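Examination of the molecular architecture
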Amino acid sequence: MQVGTVVILALGVLTAVEYAIAIEVEQNLLPIVFIAQVKAVLILWYFMRLARAWLKGEH
Amino acid sequence: MALASIYARDGYAGDGHRPPEGSHGEHAARPAMNAVGLWLFFLSETFLFGALLAARFYLAGTDKPEHLNQQLGLAITCVLLASSFTAYSAEVAISKGRRGWAGLMLLATIVLGLVFFGGVVLEWSEAEFTQGEPYGTAFFSMTGLHASHVLSGVAILVLVLFLLVRGRFSREHHWGVEASIKYWHFVDVVWVFFYPSLYLLN
């Protein structure tokens, strides 16, 4: 559960950073795509437990 | 397939067909097969959403209209992210046998999903562009298909909540809860890419 809390906080911070970049930076394609990828990996790895599915097989 | 996964208990579809006694190898392999099927379903959906994402840039480049409601876009994104957390909490709770808390978290996820859907409806109603414009085509296609997945996710979660209340799932056997929540997270991952491509890129 603690992991989930840390992940959701990280997702919130990354979304805020993403939004700030969109407002402040003119050419923002690369940083925004990078942040979106990090967010997706966090959800896939921790919320969807991709590691367990990939490495061990699910129960 | 998703519905079959939800009804599955002990890894089997709830159709009353059990393996013959002694076929323990197959019995053990079935839950893993369910998981593989679910991930293959996600893969096929990824191609669908990926095609839409590519179409957005093909049609409109990185252009976006001046009058997009950025606050609304940010708000519904936060709502969907929060719903992923409540869904995760529900999964953790059922895996520990805390069915009451799991039900409450599932209910919270359903409510947040409906709030997200309401946000998309509001967005559509106040959009100052039409589906005839390149950006409008991409916007309505992407948000429309995604919102339909959110709505189907809500329907699946309602079914899972109903089954949970009726005692269908336990700490040992909760594949239906897990599969539906994984689907919910997948819908969230899709929005993680759709949101910046529609609202944020310059």
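Everything quoted here is computed from the prediction, not taken from an experiment.

Some thoughts on the overall build of chain A
- Along chain A, the regular secondary structure elements total three helices and zero strands.
- Seen in sequence order, chain A has helices and strands lined up from the N terminus as α-α-α.
- Looking at chain A residue by residue over its 59 residues, the buried ones come to 25%.

So, the interface of chain B and chain A
- Counting residues at the interface gives 24 residues for chain B, matched by 25 residues for chain A.
- Looking at the side of chain B that touches chain A, the elements with two or more residues in it are α2 (24–60), α3 (70–95) and α6 (175–200) of chain B.
- Looking at the side of chain B that touches chain A, the element that brings in the most residues is α3 of chain B, giving nine residues.

Here's the deal with the confidence of the model for chain B
- Of all residues in chain B, 86% attain a pLDDT of 70 or more, and the chain-wide mean is 88.
- Segment residues 10–22 of chain B is flagged for pLDDT under 50; beyond a separation of four residues in sequence, or across chains, it makes 15 contacts in the model.

Regarding the nonpolar core
- Ala90, Ala102, Leu106, Leu157 and Val177 of chain B are the most contacted members of the largest nonpolar core, which totals 60 residues.
- Only α1 (2–24) and α2 (29–47) of chain A together with α2, α3, α4 (99–126), α5 (134–165) and α6 of chain B provide two or more residues apiece to this core.
- Counting residues per element, this core draws most heavily on α6 of chain B, which supplies 17 residues.
- If we ignore the near neighbours within four places in the chain, the residues touching leucine 157 of chain B are Leu106, Thr109, Ile110, Ser180 and Trp184 of chain B.

A closer look at unusual backbone geometry
All names here are of chain A.
- The backbone of arginine 49 shows a phi angle near 55 degrees, a positive value even though the residue is not glycine.
- Residue position: arginine 49 is located in the loop between α2 and α3 (50–56).
- A count of 17 C-beta atoms within 10 Å places arginine 49 in the partly exposed class.

Side note on the packing of α1 of chain A against α2 of chain A
All names here are of chain A.
- Relative to each other, α1 and α2 sit at 165 degrees, their axes nearing to 10 Å. Judged by the angle between their axes, α1 and α2 are roughly antiparallel. Remark: the crossing between α1 and α2 carries left-handed chirality. For the pair α1 and α2, the contacting residues are Val3, Val7, Ala10, Leu11, Leu14, Val17, Glu18, Ile21 and Ala22 in the first and Pro31, Ile32, Ile35, Val38, Lys39, Leu42, Tyr46 and Phe47 in the second.
- For the contact of α1 with α2, the residue count by class is 15 nonpolar, no polar and two charged.

Here is what the cut-offs are and how they apply
Residues numbered from 1 in each chain as written. Chains lettered and ligands numbered in written order. Predicted model: local features only at pLDDT ≥ 70, side-chain atom pairs only at ≥ 80, totals over all residues. Helix = DSSP H or I, 4+ residues; strand = E, 2+ residues; numbered from the N terminus. Buried ≥ 20, exposed ≤ 12 C-beta atoms within 10 Å, placed from the backbone. Contact = placed C-beta atoms within 7 Å. pLDDT = per-residue confidence, 0-100. Core = buried A, V, L, I, M, F, W, Y, C linked by C-beta atoms within 7 Å. Axes fitted to C-alpha atoms, helices over the stretch in contact; angles between N-to-C directions. Parallel < 35°, antiparallel > 145°, perpendicular 65-115°, else oblique. Left-handed = near helix turned anticlockwise from the far one by under 90°. Nonpolar A, V, L, I, M, F, W, Y, C, P; charged D, E, K, R; others polar.

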